[in-house]
Amino acid sequence: MKRDPWPSAHGPVLCVVGARPNFTKMAPILRALAAHDPVVPALLVHTGQHYDADMNDRLFVDLKLPLPDINLEVGSGTHAVQTAEVMRRFEPVLDAHSPSCVLVVGDVNSTLACTLVAVKKGVPVAHVEAGLRSFDRSMPEEINRVLTDQIADLLYTTERVALANLAQEGVDASRAHFVGNVMIDSLLANRKLAIPPEESLRRGGIDLTAFDIAQGYGVVTLHRPSNVDHEAALGPLLAVLREVSERLPLVFALHPRTRTNIERFALTAHMSSKRIAILPPQGYLEMLGLMAGATLVLTDSGGMQEETTALGVPCLTMRENTERPITIEQGTNTLVGRDVDAIVREVDAILAGKGKRGRVPELWDGRAAERIAAHLAGWLARRHARMDTE
Ligand code: UD1
């Protein structure tokens, strides 16, 4: 039996994306809101934090994301400028659309900026991927996570440890809900559509007769400011990648921040090897294919630690800590930091067949967005019912 439609007086859910990792998380949520009965009306707001074809457009196409209803076009800037611009431009959007709630994902500057604006205007905020903590406050994302979770109304988590982290910070348990991992919803929905690695390499202009991946290859991504913004960190990391490439050919998808810094620090020579294929930032389906076919992944990304765990591919994370500990405890992830000896040792172990196999964590089952839509719709309906009787 069809239930009553969503009352138009209750306003849409404003779904906010800003940077690349947000897109993967939002795609299944938008689909689940549309598939819910009754349909939960949603508007997609893009802050414009990422804007390039490589960082933005290709992912929208791959993930079948609708074009944003509203684009704030903030672009790049310092943290203060970027955060402030998002806030300034988001406020009139809230005034114009009277949303029933704002839904934010992840931990980028856009996540915190929109949360701050909404909460101060009395609009409830739902945060997807809440409660993750690296306990490293020098990471800009950690600040964004802690502050967003303190003030958002609904906190949807990907792993149980996130609930404990929130409780530790004094967050009332009634606000937090363990729903699973929407990024894995995207992965499972797109697994069969992944682009074969050879195809992505060919598209990137790599000559496959010279760069032979028949015996396996590693995938590399690197973009954290702590790894790439200082020559003293980036130089040795590139040198060890070069060393690893002598054992295993490497496919390096280069983030714009990293590309700029390699040029700025005159480190391009480290990368000029027949056994290192440099590609631009990859689309979602290309990266999925590259990761799925890889012998190992070397990264400082947050999301790829989870994606490799879901794919069962060993991941060496070039960070001192992770906000996603389940990928270490249950998955395929190992922290290697910038310790060059550890990196080489772990690569050798994987090549010797001793890589972690792991298992897929609880509720990483492709249905997290469905659970979020069901919970959010119920919560909003109860809230509106309360407001109507007041
Ligand atoms: C941001 C997120 C980070 C996320 C990453 C994924 C914050 C604090 N950081 O970092 O959590 O893991 O996105 O990529 O929100 N640039 C382009 N084209 C673009 C976007 C950026 O060339 O489309 C360049 C600009 O030079 C810019 C730099 O990349 O200054 C950094 O972009 P920014 O959005 O500030 O941070 P990311 O390093 O991408």
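This write-up is about the structure you can find in this document. (Residues numbered from 1 in each chain as written. Predicted model: local features only at pLDDT ≥ 70, side-chain atom pairs only at ≥ 80, totals over all residues. Heavy atoms only, no water.)

The next thing to look at is the sheet that holds strand 2 (residues 42–46). On the basis of which strands lie adjacent, the open sheet formed by seven strands has the order 3-2-1-4-5-6-7 and parallel pairing. The sheet is open, and its two edges are formed by strand 3 (70–71) and strand 7 (176–178), each paired on a single side. Here strand 5 (residues 125–128) runs beside strand 6 (residues 154–157); their pairing, made up of three bridges, is parallel. Paired with His127 across the strands is Leu155, a residue of strand 6. Here helix 4 (residues 109–120) sits on the sheet and contacts strand 1 (13–17), strand 4 (101–105) and strand 5; the angle it forms with strand 4, its principal contact strand, is near 160 degrees. (Pairing = 2+ DSSP bridges. Helix = DSSP H or I, 4+ residues; strand = E, 2+ residues; numbered from the N terminus. Contact = heavy atoms within 4.5 Å. Axes fitted to C-alpha atoms, helices over the stretch in contact; angles between N-to-C directions.)

Looking now at the side chain of Thr258. With respect to the helices and strands, the residue Thr258 is situated in helix 11 (residues 256–264). Residue classification places Thr258 among the buried positions, given a relative accessible area of 0%. Within the structure, the side chain of Thr258 is placed 2.5 Å from the backbone oxygen of Leu222, a separation counted as a polar contact. Setting aside residues no more than four positions away along its own chain, Thr258 makes contact with Leu222, His223 and Val228. (Buried < 20%, exposed > 50% of the residue type's maximum accessible area, 1.4 Å probe, protein only. Polar contact = N/O pair within 3.5 Å; in protein donor to acceptor, adjacent residues only side chain to side chain.)

This brings us to the pairing of strand 6. Here strand 6 shows a buried face lined by Leu154 and Tyr156 and a second buried face lined by Leu155 and Thr157. Handedness of the strand 5-helix 5 (residues 140–151)-strand 6 crossover: right-handed. Here strand 6 pairs with strand 7 via three bridges, running parallel. When the bridges of strand 7 are listed, Leu155 appears paired with Ala176. Handedness of the β-α-β unit built from strand 6, helix 6 (residues 160–168) and strand 7 comes out right-handed. (Right-handed = clockwise from strand over helix to strand, strands pointing away.)

This brings us to the packing of aromatic side chains. Evaluation of the coordinates by the stated rule reveals one aromatic pair. Plain terms: the ring middles of Phe23 and Phe60 are 4.9 Å apart, the flat faces sit at 65 degrees to each other, and that makes the pair edge-to-face. Here Phe60 lies in helix 2 (residues 53–62) and Phe23 lies in helix 1 (residues 20–35), a separation of 37 residues in the sequence. (Phe/Tyr/Trp six-rings, centres within 6.5 Å; stacked < 30°, edge-to-face > 60°.)

An α-helical turn contains 3.6 residues, so any two residues separated by three or four positions project in the same direction. Taking 1.5 Å per residue as the helical rise, helix 1 with its 16 residues ought to reach 22 Å, and the 24 Å between its terminal C-alpha atoms agrees with that figure. At Met26, helix 1 shows its largest bend, some 30 degrees, and a proline, Pro28, comes one to four positions later. If you check which residues of helix 1 are buried, you get Asn22, Phe23, Thr24, Lys25, Met26, Ala27, Pro28, Ile29, Leu30, Ala32 and Leu33. (Expected span 1.5 Å × (residues − 1). Bend = angle between axes of the 7 residues up to and from the residue.)

Pairing between side chains of opposite charge can happen when their charged atoms approach one another. Across all of its chains, the model carries 25 salt bridges by this definition. Close ionic contact of Glu85 with Arg89 constitutes a salt bridge, the shortest N to O distance being 2.7 Å. Here Glu85 pairs with Arg89, and both are found in helix 3 (residues 79–97), just four residues apart, close to one helical turn. The partly exposed category is assigned to Arg89, whose relative accessible area is 29%. When the shortest N-O distance is used, the salt bridge between Lys121 and Asp95 registers 3.1 Å. (Salt bridge = Lys/Arg side-chain N within 4 Å of Asp/Glu carboxyl O.)

Near the ligand there are 18 residues, and of these Gln49, His50, Glu141, His223 and Arg257 occur at the shortest range. Here Asp52 contributes a side-chain N or O atom positioned 2.9 Å from a nitrogen atom of the ligand. One of the side-chain N or O atoms of Glu141 is found 2.5 Å from an oxygen atom in the ligand. Elements with a contribution of two residues or more to the shell around the ligand: helix 3 and helix 11. (Near = heavy atom within 4 Å.)

In this section: the nonpolar core. Formed by 59 residues in total, the largest nonpolar core has its most connected members in Met26, Ile29, Leu103 and Leu376. Take this core: its biggest share by element is eight residues, from helix 17 (residues 368–389). Setting aside its immediate chain neighbours within four residues, Ile29 contacts Leu103, Val105, Val128, Val182 and Ala369. (Core = buried A, V, L, I, M, F, W, Y, C linked by side-chain atoms within 4.5 Å.)

What follows covers the packing of helix 4 against helix 5. The description of two packed helices rests on the angle between their axes and on the distance between the axes. Contact geometry for helix 4 and helix 5: axes closest at 9 Å, N-to-C directions at 25 degrees. Regarding the angle of helix 4 to helix 5, the classification is roughly parallel. The way helix 4 lies across helix 5 gives a crossing that is left-handed. Across the interface between the two elements, Asn109, Thr111, Leu112, Thr115, Leu116 and Val119 from helix 4 touch Asn144, Leu147, Thr148 and Ile151 from helix 5. For the contact of helix 4 with helix 5, the residue count by class is five nonpolar, five polar and no charged. (Parallel < 35°, antiparallel > 145°, perpendicular 65-115°, else oblique. Left-handed = near helix turned anticlockwise from the far one by under 90°. Nonpolar A, V, L, I, M, F, W, Y, C, P; charged D, E, K, R; others polar.)

Time to look at the sheet that holds strand 8 (residues 218–221). A sheet is described by the order of its strands in space; here six strands give the open sequence 10-9-8-11-12-13, paired in parallel fashion. Looking at strand neighbours, the two that pair on one side only are strand 10 (276–279) and strand 13 (333–335), the edges of this open sheet. Each strand axis lies, on average, 20 degrees off the axis of its neighbour in the sheet, ignoring direction. Alignment of strand 8 against strand 9 (residues 250–253), held across three bridges, turns out to be parallel. In the strand pairing of strand 9, Gly218 is matched with Leu250. Helix-sheet contacts for helix 13 (residues 284–292) involve strand 8, strand 9, strand 10 and strand 11 (296–299), and the interaxial angle to strand 8 is about 135 degrees.

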